[in-house]
Amino acid sequence: MNLSYLLLIPLIPLAVFLLLGIFNTQIKPAVSGYIGVLGLATSTALSYYAAFQYFFVSGKVDGVYQTFVEKVVWMNFTETSSLKYLHIDMGILIDPISVMMLIVVSTISLMVHIYSRGYMKGDDGYTKFFAYLSLFSFSMLGLVLATNLFQIYMFWELVGVSSFLLIGFYYTKPSAVAAAKKAFIVTRFADLGFLIGILIIGYYAGTFDFQTLNAVNPEGEALLLNWASTTFMGMSVFTWALILIFMGGAGKSAMFPLHIWLPDAMEGPTPVSALIHAATMVVAGVYLVARLFPMYYFVEEGFVLNIVAYVGAFSSLFAAVIAITQTDIKRVLAFSTMSQIGYMMLALGVSSYKGEEGVGYMASMFHLFTHAMFKALLFLGAGSVIHAVHSNYLKDMGGLRKYMPITNITFLIAALAIAGVPPFAGFWSKDEILVAAFEKNEFLYFIGLFVAGLTAFYMFRLYFGIFWGKETEYTHTPHEAPISMTFPLLFLAFMSIIAGFIPFSEFITADKVGFEGHLNYTMAALAVGTGLFGIILAWIFYKKENDLAEKFAHSFGMFYKWTYNKFYFDEIYIFVTKKIVFNLVAAPIAYFDKKYVDGTMEGIGNKTVWISRKIKGVQSGKLQDYAFSFVGGVVIIALVFIYLWTN
Amino acid sequence: MDILSLFIIVPVLTILALVFTKGLQQARITAMVGSLIQLGMASNLVIAYFKERAVNDSIMLFTKDMIWFDHFNIHYAIGVDGISVALLGLTAIIVLAGVFISWKMEDLPKEFFISLLVLSTGVYGFFISIDLFTMFVFYEIAVIPMYLLIGIWGSGPKEYSAMKLTLMLMGGSAVLLVGVLGIYFNSNADGGALTFNILEIAKVHIPFAAQKLFFPLTFLGFAVLGALFPFHTWSPDGHASAPTAVSMLHAGVLMKLGGYGIFRIAMFLLPLGAMEWSWFFIILAAIGVVYGAFGAVRQTDLKYINAYASVSHLGLVLFALLTFNKIAWNGAILQSLSHGLLTALFFALIGMIYGRTHTRDINKLGGLMKTLPFIGAVYVITGLAYLGLPGFSGFIAEMNIFVGAFENPDMFHRVLTILAVSSIVVTAVYILRLVGKIMMGPIIDEHHHDLPKVTWYEKTGILLLLIPIIGMGVAPIWLSDMIMASLQPFIQGVLTH
């Protein structure tokens, strides 16, 4: 398979970024929007072409999807001739999941580019915005195509920075600046784990290369890597490394307890939330685990996968509960994202490697794909609503279906998709996840099922609250968004309907051998039933204006308050950062430095001055003093000599 | 004339030319031309070095040896390897950028540029020497002008800062001199004459007792300049009072002399002593890494923040040197280069901000991105590069250090390595605090709504520094391979003793 054209997929957005970034002031906004869209459209077309080539023409050999790699050495840690040749490569790796991610990233990014032309119209930083979007697209595409741990780490950091820049896009707003800082620092902390994990793997495995690390024996039953050779505290060092790498993934994917940055990240412009904080960057953690899946599965008999599964399941439940009580529509969607990513992690965590047992892996990737479509749609729809009513809060909305028919319909489609109603996309992928969970661990299955009900409920609370419910009096009559904004909505709605019919299990599996997927009717019926129950509940509570919901909430009392305040996690973090790090570590160090370290040095200097002053006194300039000293000295020396002589 | 001695002759000629100039215009043009020639020479040297290295595998290239002081066998001996070539390049870039940044130096411009060039002569001489004594002389030439530069052209409590800086560095020099003489008087351990020549001493087996005694002296002498904890306190005060170009040169180049000296003299000549003492100094270095970073979190003066950040980043250099690992050593040199460029750029930008707003207090600054878009954008880029973003020089340096430090599998080194690695989070905290406070957010001071635009000479200075930062970060393989090839003799020195 010829891969050279694939290089263009990330490089075109990079070129666009450089162009728009350097000539930021010279390029007219109208032009920069077109440049951005055109660049991404080219990348998207190439991605689709690559996917077609890979999946249908030349990717499969003897029923197994092959991995294609093209790379160059970027930096050497040791000499090429040395026994343990450590180096960083730059290159592209093509396998089923990277091709699938190319499709996801380029599609959503293109839609967001198109949408932003309408949404950001008239903004001062219009060109800058497109430059940042291109930077993000470049970084994310590079991340997806990475051939080794270091390369993925590098692009990982770059997406983090693009996210920082875009969250803080309205940089004169203090809340946006705070949110951007928070997102960067929290993920940076998680990346510390990732980095240490990489260092461990580099040292013990002697390579960073995905293919070498993931190599499995021909029977598909064991890792070629000798992971059991060195242990630390009773576990293989590789287990520790994988836990630390998962920490990095959990940070990026907003898994509990590293999730706190995601809701705040909603300070960024809405298209950014759709692109970065819903569809692409936040699933990087899932992608990372999937990328290293053979390692995760075989090292220590999949011990770390259990952690992945439980963290995923808990995050998914935790976020779904919080989402019910939030009143900022973007925050509801943010927690929903966290919850759905928890699903994907859960699915990976319960997956096996071989054949149909690897259904969890497939389901996770499937859900990643469908979720990207409908969640981006939800965010873009929310953006369209916010654009119309100039508020993020549910209390300012209601009855909007009359004013915004396209937004209404597309939002409904997305809501049905995420609620798992057949035949929309979310139904198919969620069903597979629940099947996988049921086979491995029934407890996790029931959490998953419960979350499905919650999801349907909070999503329709949102839907009814925005488009039905009370008839709000609007100062400006809301109107439907322009075509540049509605086209992406329609396209993504279309995807949210059909994406579920893609026979994913034939393309994307853990061992790269396709299998035939089938629907488990009992499971499906249960899941759909739960979802419908949630929708009906929301319908009763929120379809018409009434106080049922409020009464219901109050019956929970304390719990409702805790949930509304997101279980006070922000406060805990503020306590840790402000009180502990800032006041109990940094401040004492600064004080210690001034008072003692510097004080000692000053002390030495001052003592020298003091001594010299004392000595200076001897040089008084008075003849009698000198005479006295002279005579005194002679007498002393004479005595000493006499003493020495007599002995 | 040989290619290396030019690095001393050209600055000296520039100084002579400066003596005859009148007024700012003549002085700055002369200084600029002089430093431009130096940059040209440095680029030429890099090319010549690659060519020569392909056919010549001796440790030092372009060597030259002239007897200088017969009685003590002191020579003017020069030569370069990949490490010194890289550092010479760094010096040339920063000196030229410094001249551009001082374009509007109204006060005694002639004397200012002369002092600046004296300093750079000393630095060049230090990097090309392979004779201990000559090296020491150049070291002193580089350090002394600092006193004048801060004392005369500085701001704030300049006399105090200049005195503090000079005294602490002189204290270091005194200790260093003892160490150097100690090495000299043991250089005949295998028979033969006493010598100051580094390459010859490296072949000698200096007795263990002497190594154990003189290593800490030599190390500390240089480490004061390399801002080793707890001998770093001269640096915040010194930087805060120094004029912009001096801060740039000082943090960018002069402080690198510390790490270079430790590597080239203390560790190369006294490897056994180094191994014996490394456990102690590596603890200090690792503390410095974290301590400096936390120190920076609390500061409110832009220059103080950078000074503490330098303690942290240069602590990483010393830390890497003491791990006795080739990858980490490579990282240490790369970090010296990277930190030199980044910190010089930071100080240049701080100078521009201070020149416009007349304050360096971060609580009085805010939203500058709006009024100073170019400076603001570069400031953010520099900050991101400083916290180790891939694509910039800091990342590759840090990664080499961390990967190398991880090659020591014992628990002691593991713990220290993880401690050092964790500084990347704290770095992110203080950099983002800084960027968030002064560049983003609303404009605090209403006078800041209308600030003078960036000028051409400022832009030139910025780009001179920014381009190599990006170049190093995007395509590091040339540089890192060049340095790596020169590390072999050092590791051999450790292995064969």
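Residues numbered from 1 in each chain as written. Chains lettered and ligands numbered in written order. Predicted model: local features only at pLDDT ≥ 70, side-chain atom pairs only at ≥ 80, totals over all residues.

Counting its regular elements, chain A contains 25 helices and 6 strands. Once the C-alpha set of chain A is aligned to its principal axes, its extents read approximately 120 × 65 × 55 Å. Counting every position in chain A, which comprises 647 residues, the buried fraction comes to 54%. Contacts in chain A between residues at least 24 apart in sequence constitute 79% of all its contacts with a sequence separation of at least 6. (Helix = DSSP H or I, 4+ residues; strand = E, 2+ residues; numbered from the N terminus. Buried ≥ 20, exposed ≤ 12 C-beta atoms within 10 Å, placed from the backbone. Contact = placed C-beta atoms within 7 Å.)

Along the backbone of chain B there are 20 helices and 2 strands. A compact globule built from 497 residues should have a C-alpha radius of gyration of about 23 Å, and chain B, at 22 Å, falls within 12% of that. Along the first, second and third principal axes, the C-alpha atoms of chain B reach 75 × 60 × 45 Å. The contacts in chain B between residues at least 6 apart in sequence include a share of 79% that link residues at least 24 apart. (Rg over C-alpha atoms; globule rule 2.2 N^0.38 Å.)

Attention shifts here to the interface of chain A and chain B. Taken together, the contact pairs 39 residues of chain A with 41 residues of chain B. Looking at the side of chain A that touches chain B, the elements that each hand over two or more residues are β3 (68-76), α5 (149-167), α6 (174-205) and α24 (569-616) of chain A. Element by element, the count of residues in the side of chain A that touches chain B is highest for α6(A), at 13 residues. Looking at side-chain class alone, the side of chain A that touches chain B contains 27 nonpolar, 6 polar and 6 charged residues. (Nonpolar A, V, L, I, M, F, W, Y, C, P; charged D, E, K, R; others polar.)

It is worth spelling out the pairing of strand β2 (residues 74-80) of chain B at this point. All names here are of chain B. Of all 7 residues that make up β2, 5 are buried, and the element is covered over most of its length. Of the strand pairs in this sheet, strand β1 (residues 61-69) and β2 are connected by 6 bridges, and their pairing is antiparallel. If you follow L61 over to β2, its bridge partner there is V80. Hairpin connection between β1 and β2: a loop of 4 residues separates the two successive antiparallel strands, and N73 in this loop has a positive phi of roughly 60°. (Pairing = 2+ DSSP bridges.)

Time to look at the UniProt feature "domain: NADH-Ubiquinone oxidoreductase (complex I) chain 5 N-terminal" (unreviewed entry) in chain A. Here, UniProt's "domain: NADH-Ubiquinone oxidoreductase (complex I) chain 5 N-terminal" (unreviewed entry) annotation points to residues 84-130 of chain A. Between the C-alpha atoms that bound residues 84-130 of chain A there is a distance of 43 Å. The span itself is 62% helix and 17% strand. (UniProt positions renumbered as here; feature names shortened; annotations may be inferred.)

This next bit is on helix α9 (residues 234-241) of chain B. With 8 of its 8 residues buried, α9(B) lies for the most part within the structure. Within the span of α9(B), buried status applies to W234(B), S235(B), P236(B), D237(B), G238(B), H239(B), A240(B) and S241(B).

For chain A, the assigned domains read domain 1 (4-564), domain 2 (565-615) and domain 3 (617-647). A C-alpha centroid distance of 50 Å is found between domain 2 of chain A and domain 3 of chain A. (Domains from an automatic or database assignment.)

Residues and elements named next belong to chain B. Structurally, M146 is set in helix α5 (residues 132-153). M146 sits in the buried class, given 22 other C-beta atoms within 10 Å. Sequence separation of M146 and A242 is 96 residues, and the distance between their C-alpha atoms is 8.8 Å. Discounting residues that sit within four places of it in the chain, M146 has contacts with L119, L165, T166 and H250.

Looking now at helix α18 (residues 423-439) of chain B. Residue and element names in this part refer to chain B. Over its 17 residues, α18 runs 23 Å from end to end, which matches the ideal 24 Å to within 8%, given 1.5 Å per residue. Summarising burial for α18: 15 of the 17 residues are buried, a large majority. Just downstream of α18 lies G441, where phi reads positive at about 80°. (Expected span 1.5 Å × (residues − 1).)

Let's shift gears to the packing of helix α17 (residues 425-440) of chain A against helix α18 (residues 442-467) of chain A. How two helices sit against one another is set out by the angle between their axes and by the gap between those axes. All names here are of chain A. The contact between α17 and α18 brings their axes to 7 Å, and the two run at 155°. The angle between the axes of α17 and α18 places the two elements in the roughly antiparallel class. Across the interface between the two elements, K430, I433, L434, A437 and F438 of α17 pack against E442, L444, Y445, G448, L449 and A452 of α18. Here the residues of the contact of α17 with α18 sort into 8 nonpolar, 1 polar and 2 charged. (Axes fitted to C-alpha atoms, helices over the stretch in contact; angles between N-to-C directions. Parallel < 35°, antiparallel > 145°, perpendicular 65-115°, else oblique.)

Within the largest apolar cluster, 422 residues are counted, with the highest numbers of intra-cluster contacts made by M365(A), A376(A), F460(A), A97(B), A348(B) and L465(B). At 20 residues, helix α15 (residues 359-389) of chain A tops the list of elements feeding residues into this core. (Core = buried A, V, L, I, M, F, W, Y, C linked by C-beta atoms within 7 Å.)

Our next topic: the environment of T327(A). All names here are of chain A. Residue placement: T327 occurs in the loop between α13 (303-325) and α14 (329-349). A tally of 13 C-beta atoms within 10 Å means that T327 is categorised as partly exposed. Here the alpha-carbon distance between T327 and M397, two residues 70 residues apart in the chain, equals 11 Å.

Along the chain, F256(A) connects to P257(A) via a cis peptide bond; the corresponding omega equals 0°. Note that P257(A) resides in the loop between α8 (237-252) and α9 (261-264). In this model, F229(B) is joined to P230(B) through a cis peptide bond whose omega is 0°. Mapped onto the elements, P230(B) comes out in the loop between α8 (208-225) and α9. Here A227(B), not a glycine, exhibits a phi torsion of approximately 55°, which is positive. Tracing the sequence through the fold places A227(B) in the loop between α8 and α9. Here A227(B) falls in the buried class, since 28 other C-beta atoms lie within 10 Å of it.

Interpreting fine coordinate detail is not advised for predicted regions of low pLDDT. Across chain B, the average pLDDT comes to 88, with 99% of residues at 70 or higher. Under the prediction, the complex receives an ipTM of 0.91, its pTM being 0.90. (pLDDT = per-residue confidence, 0-100.)

Residue and element names in this part refer to chain A. Tracing the backbone shows M459 in helix α18. Along the backbone, M459 and V332 are 127 residues apart, and their C-alpha atoms lie at a distance of 8.3 Å. Apart from residues lying up to four places away in sequence, M459 is in contact with S336, A415, I418 and A419.

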